[in-house]
Protein chains: 4
Amino acid sequence: MDGNALDERGQPEIAPENAGETRRATAPAMEARLGAAIPVLDHGFLRVVDYMGDDAAIVQAARVSYGRGTKSARDDAGLIRYLMRHWHSTPFEMCEIKLHVKLPIFVARQWIRHRTANVNEYSARYSILDREFYTPAPEHLAAQSASNRQGRGAVLAGDDAEAALRLLRDEATRDFDAYERLLGDGGDRPGLARELARMALPLSAYTQWYWKTDLHNLFHFLRLRADPHAQYEIRVYAEALCEVVRDWVPAAWAAFEDYRLNAETFSGPAMACLRRMLAGEAVTQDSSGMSAGEWREFQAALAGRAA
Amino acid sequence: MDGNALDERGQPEIAPENAGETRRATAPAMEARLGAAIPVLDHGFLRVVDYMGDDAAIVQAARVSYGRGTKSARDDAGLIRYLMRHWHSTPFEMCEIKLHVKLPIFVARQWIRHRTANVNEYSARYSILDREFYTPAPEHLAAQSASNRQGRGAVLAGDDAEAALRLLRDEATRDFDAYERLLGDGGDRPGLARELARMALPLSAYTQWYWKTDLHNLFHFLRLRADPHAQYEIRVYAEALCEVVRDWVPAAWAAFEDYRLNAETFSGPAMACLRRMLAGEAVTQDSSGMSAGEWREFQAALAGRAA
Amino acid sequence: MDGNALDERGQPEIAPENAGETRRATAPAMEARLGAAIPVLDHGFLRVVDYMGDDAAIVQAARVSYGRGTKSARDDAGLIRYLMRHWHSTPFEMCEIKLHVKLPIFVARQWIRHRTANVNEYSARYSILDREFYTPAPEHLAAQSASNRQGRGAVLAGDDAEAALRLLRDEATRDFDAYERLLGDGGDRPGLARELARMALPLSAYTQWYWKTDLHNLFHFLRLRADPHAQYEIRVYAEALCEVVRDWVPAAWAAFEDYRLNAETFSGPAMACLRRMLAGEAVTQDSSGMSAGEWREFQAALAGRAA
Amino acid sequence: MDGNALDERGQPEIAPENAGETRRATAPAMEARLGAAIPVLDHGFLRVVDYMGDDAAIVQAARVSYGRGTKSARDDAGLIRYLMRHWHSTPFEMCEIKLHVKLPIFVARQWIRHRTANVNEYSARYSILDREFYTPAPEHLAAQSASNRQGRGAVLAGDDAEAALRLLRDEATRDFDAYERLLGDGGDRPGLARELARMALPLSAYTQWYWKTDLHNLFHFLRLRADPHAQYEIRVYAEALCEVVRDWVPAAWAAFEDYRLNAETFSGPAMACLRRMLAGEAVTQDSSGMSAGEWREFQAALAGRAA
C-alpha cells in the first residue's frame, strides 16, 4: 500500500510531527510502542495505532459505580483484582485499543468470529493483494493428531516435511501467478474484475486490517486465543498482544493472568470430588462419577498441565 | 462523590499533571474541552473524559480498505463525504469517545436503549444518591398534545403551570425525604438496605454515568435524539454533544449534517410522485396513492419543516 | 392495555386458534408454558411468548462445526456438556426465547444492562402506566448490611419494619396521585404531557416489556442474576426463568448447572494453595499469599457456601 | 457431512416425524420452505432451518410500546409501514430466522462482516472440506471496470473468457489435489494437520454455516447486499433471501421495499436543489453546489436508475 497514511512498507506512519501535548490518560510504555511493527509469522505483523485509557481509567469507572468512600477501602490494584475476580466487566470496557494487523486469511477467518470489535480490512475488491503467503517454519509443520480431531500431532520430519513444504509453497506461488494473469497486464486485453480474480488466491495469502476493541473483549479474545489449545498461527498473534497489554495496563494484566489465564474452573461434580480428596479420600475415576474425558481434564487441572 | 478520580462536585479531575506528550492523534479543540462540564438541564452536565482518533483516523481506516492509489482520487473531506453518503460505516467506528454524563433517570432510561456503547453507572445499591431532581423550566412545561399521542402541545400557563410545577417539586422533595428516612441516620436503628430504599426515588432524580461509544454509533444516537421529535429533555443532551462532535471531527460532522440531519428520504411511491411533479404534473394526495400521514410527511419534507 | 394482542389483564393472548402444525423443532414442555404467566413479586410476572430450537438444535449446530463422523463419538448430552465445559458458545446461540415480563422499574434498570437482547418496553411517553408499584413482603425488608456495602443485613422487624413499609406504600401512593393529577382529568384543563408527568413516578412502579435473547446470553444473564449475590428482586425473575430453561433445553440446563451455577473458579495463586493442600500441607492465609478477601472466598468455595 | 442431523447431501433433515402441533406464531408459507434448499451459484444453497414470529409478532411488540388504544388508530400493515418509515427498529427485532447456507469462502468473508448474527461454520480444523469450488458462469465473467475501481465492466468473451475460466478451474483443481495430498491417505505416512492443510485451498472453495439473525438486521443485510452495487456472488444469496422474507412477513417486506429498497435519500444540498427545481428553476451541476459525483448520483436518483 502506498496511500496517504501508510509508508512504503504498507505501514501507517505515526509521524513525529503528530507528537503533541494531551491531557488524556497516557501510558508511557504504549507511547513507545505506537506504530512499531511486532513481526509475527513469516510476513505478518501487529502494531498499536492508538489506545484510550490505562489502569487508572478502569479504577475511575469502577469508582463511579461504587461512589463515595471507596477510596480508602482498597488500593487501585486491589480494586482491579476484585473487579476481575467477580466478573465486573464494564470498567474494563472503558479502555480501547486500535491495532494494525497483517495476517494470513485463514487466521483472519478465525479472528473475525470475535464480533465485538470494529474492523476495516484491506479490500481485494478495490485493490490488488501483494504476493505474500504464509509458509510454516519446519518446526511448526505438524501432522494431524491421531487422538484429537482438532489437534496437531508430532512434527513432520525428513522427506515428509520437505514434500509438504514444497507443495504448499509451489501451489501458493502458482495461485499468485494465476491471480496476476487473471488481473491482466493493464494493456489492451481486459483483465478479470478484481473481485473475481481474488478467488484464485489461497487461504495462506496475507491480508491486513485495522482492528479496534475494548479491553474486556480483548481479554476474552486472549483467553481463547493465547490458550494452548488455540491453533499456533493465531496464538502467536495473541501472545504478541499479551506483551502489549502488559505494557498498557499492568495491573489489569496481572489480574487477568491470575484469574483467567492461570485459573481453573471445576464443575459441581469436580468440586464434590475435590472436597472428598481434601478430606483424605482417594478418589478414582470410577468413584468420581465423571466421564473419562472430564476426569482426564480434572487431573490435568490439578497437575497444572494442559488437558 | 469524593473518590480518587472525582473532585468535590462529583466531577472527574483532568489534572494538569496528567498532561503529557503523546504520538497519538490529537484534536486540539477536544483537548480544550477535556473535563469541562457543559451544563444541561437544571442540574445535569456532560463532559468529555477521553477520545480516540480524529478526521484523519477515519480517512486512514478508509484507505486501508481502498488500498493503493486512492490518495490522488479525492481529498480527505471528499472521501469522508463519500463514506457517509454510501453508508460505509466502519471507518467512523475507528473513532471513540468517552463521556461523563449527569442526567435524570427517565432520560437515562431512553438513552440506555442505544445498546452499542459501554456504560458504568453510579450504583444506588452501593451508594447514596444526592438530593437532586429535575424540574422543568416554565417554558418547557408542555401540555399533552391533543393530536399526537407522543407529543407535547402548548406550554401550560398561569395557575396550571404553577400547580404542576409545585406538585412535581413537592412530591420529589417528599420522595427524597422518605429515601433519607428509609436509609436511617446511621445511629442505632438500622436503615433499610440501600438497594431497597432507592425505589422510593422519583424518575426525575439525577443519576450519572460514564458512557463510551464509537463515532458511527454516536451519529446514530444523534440522528434519533437531536431530532425535533425527540423528547426535549434528551434532545438538549444530544444538542450539546453535537457541539462536541463538531469540534472533534469537523469534516465528519459536516458530512453528517448534510447526509443525515438535513437529509430527507423518499419512499418508492413518494419518488414516483416527485418525478411526476418534476415533469410538471400537479399531484394531490388523492392522485398520489399515499396515505394521509405519508402525504403530510412528504409535503413537510419538500417544504423543509418537521412533519 | 387493551390492544389487539393483549387481553384485559395486559397479557398477550396465545389463542387456541393460533395452534397449528409446524415442522420446526418443538419442545412439548414449552408448548404447555406458552402464554401462561408465572407470578413474580407482588404484581409482576414472566411469560414465554415464543421460542426457537431445543437441545437437538444445539447438537445440530455443533455438528456443522465438527462435520463428518462425530455421530458415533459421543451422544448428544455428552456433546452438550463438552461444549459448555469448553466455552464453545456459538451452538447455544442457535436457540432463542421471547418473554413478556412485568417488573418494577428499578429491576428493569439492572436487567437492561444485559445488552445482547432485543427489547420492546411499554412507553410512558405514549401511554399511561397502571397504578401498580412494588412493596416488599415483610420477610424481604432487609436492613443495610454493616459489613458489605452492596448487601442486605438482617430483616427489619417490629416497628422499624412497619414504619418502612408504610413509608414506601404511602409515598408511592402519593406519587401515583400526583401522576394522575398531572395528567389531568381529560376535561377542559389541559394535562401535562405524558412524557413529563411520568417523572413523578417512583422507581418501584411496574413497567413491562418484551425481551428476546439467545440461550448463550440467557445463560450469562442467569449466571449473574440467579446468583446469591444478586439483588433479591431480580433474582426471583432469574429463578423463575431457570425453571423455564429446564423445561426448554433439559440437557443444556443440566450442563449449565454443573459447569456454571455449581462450578468454582480458582485463580493461579489459589491453585498453588490447593496443590499444596492436596499434598498434605496445612495452608493458612498467611502462608497462602492471598489477601484476606481472596482467602475468605477461597475457603467459602471449598466449603460450598456463598462467600 | 454425514452426521446425525444431516442427510447424505450434507443437508439437515427436517423430518416428517418432527411435525407437530404448536401454539407459537406460524407462517404457513415458511412451513412449506422449511428444509428445502434454494440453489444458489453452481454448488451453493440456502435453506430455512427455523424461524420465530410473523407480521403479527411485529405488531404485537409495537403495541406493547404504544399501549392502550392504538388498535383503532391504524391497521396492522399501516402500523408496520409507520414503524419502517420512522426507523422504529425494535419491533422488527422480535422476529428471528435461522438459515443453513453453503457459499464460497470469498463470499463468506463479506457476509461475516455483518456482526449482529449468530454463526456456526463448518470447521476445516476438525473436518475435511468437500472438493467443491465456485466457477463463474460465462455470463458473469466480468472484466474490471475501467471507471470504477470497485466494479465490473463488460463480460469477457471468446478466448479471454475461455482462458480465464480454464485458469480458475485448473488452479482450483490443483489446489484441492494438493490439499488431499497434504492430508495424506490415512495410511502409514502421517498427513499434515487439517488446520494447516486447509491453507492450500482457494478462496473459491465452498464452506457452509448456520446463520441466525433477527429481521431488523436481516433487512440491513438485504439493503446492502441485494443492492445493484453489491458483488454479484453475494447478491444472488441476498436475492434468494428476499423471496424467503416476502413469504415470511409479507407486510414488513412490502414496507421494506417501499421505504428502503426503492427509496432515495437526498442530502441537505440536494434538497435545496430539488426545491428550486420544483419551483421551476433549471438547476445545473454548476449552480447546484454539488460535486460531480454527487450530482451524477442525484440525477440517477431522480431518474430511477443506479448511479
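In this text, all values refer to a predicted model and were calculated from it rather than measured experimentally.

Asks: What's the story with the interface of chain D and chain C in this structure? I'm lost.
Replies: Often, the extent of an interface is quoted as the loss of accessible area upon association of its parts. Chain D puts 60 residues into the contact, and the matching count from chain C is 60 residues. Summing the contributions of chain D and of chain C, the shared interface buries around 5800 Å²; its carbon and sulfur component is 48%. Across the contact surface, chain D and chain C share 4 salt bridges. The shortest N-O distance in the salt bridge between E31(C) and R24(D) comes to 3.4 Å. For the pair chain D and chain C, the interface holds 25 residue pairs in polar contact (both at pLDDT 80 or more). Mapped onto the side of chain D that touches chain C, the elements with two or more residues apiece are β1 (20-22), α1 (28-33), β3 (44-52), α2 (55-66), β4 (96-104), β5 (118-121) and β8 (206-214) of chain D.

Asks: Can you help me understand the UniProt feature "binding site: FAD" (unreviewed entry) in chain A in this one?
Replies: Mapped onto this structure's residue numbering, the UniProt feature "binding site: FAD" (unreviewed entry) falls at T90(A), R113(A), H114(A), R115(A), E121(A), D214(A), L215(A), H216(A) and H220(A). Over a stretch of 131 residues, the named residues are scattered through the fold, their C-alpha atoms separated by up to 27.5 Å. Tracing the backbone shows H114(A) in the loop between α4 (105-111) and β5 (118-121). Discounting residues that sit within four places of it in the chain, H114(A) has contacts with H220(A), F221(A), L224(A) and R225(A). Inspection of the secondary structure puts R115(A) in the loop between α4 and β5. Given the relative accessible area of 29%, R115(A) is considered partly exposed. Not counting the four nearest positions on each side in its chain, R115(A) is found in contact with E93(C), R115(D), A117(D) and N118(D).

Asks: Looking at this structure, how should I read the packing of aromatic side chains?
Replies: Aromatic rings considered in pairs are described by the distance between their centres and by the relative angle of their planes. All told, the structure shown has 54 aromatic pairs over all chains when counted by the stated rule. Seen in terms of ring centroids, F219(A) and F256(A) are 4.3 Å apart; in terms of plane orientation they differ by 20°. Their pairing is stacked. One end of the pair, F219(A), is in helix α7 (residues 215-225); the other, F256(A), is in helix α9 (residues 250-261), with 37 residues separating them in the sequence. Accessibility expressed as a relative area gives 5% for F219(A), which makes it buried. On the numbers, 5.2 Å between centres and 50° between planes, the contact of W211(C) with F221(C) is tilted. Separated by 10 residues along the polypeptide, W211(C) in strand β8 (residues 206-214) and F221(C) in helix α7 (residues 215-225) bring together distant segments of the chain. This pair shows no difference in class: W211(C) is buried, exactly as F221(C) is. Taken together, the ring pairs connect F266(A), W295(A), F298(A), F266(C), W295(C) and F298(C) into an aromatic cluster. Above the plane of the ring of Y206(A) lies K102(A), whose end atom (NZ or CZ) is 5.9 Å from the centre. Note that R223(A) overlies the ring of W87(C), its terminal NZ or CZ placed 4.8 Å from the centroid.

Thresholds applied
- Residues numbered from 1 in each chain as written.
- Chains lettered and ligands numbered in written order.
- Predicted model: local features only at pLDDT ≥ 70, side-chain atom pairs only at ≥ 80, totals over all residues.
- Heavy atoms only, no water.
- Contact = heavy atoms within 4.5 Å.
- Buried area = accessible area lost by both parts, 1.4 Å probe.
- Salt bridge = Lys/Arg side-chain N within 4 Å of Asp/Glu carboxyl O.
- Polar contact = N/O pair within 3.5 Å; in protein donor to acceptor, adjacent residues only side chain to side chain.
- Helix = DSSP H or I, 4+ residues; strand = E, 2+ residues; numbered from the N terminus.
- UniProt positions renumbered as here; feature names shortened; annotations may be inferred.
- Buried < 20%, exposed > 50% of the residue type's maximum accessible area, 1.4 Å probe, protein only.
- Phe/Tyr/Trp six-rings, centres within 6.5 Å; stacked < 30°, edge-to-face > 60°.
- Lys NZ or Arg CZ within 6 Å of the ring centre and 35° of its normal.

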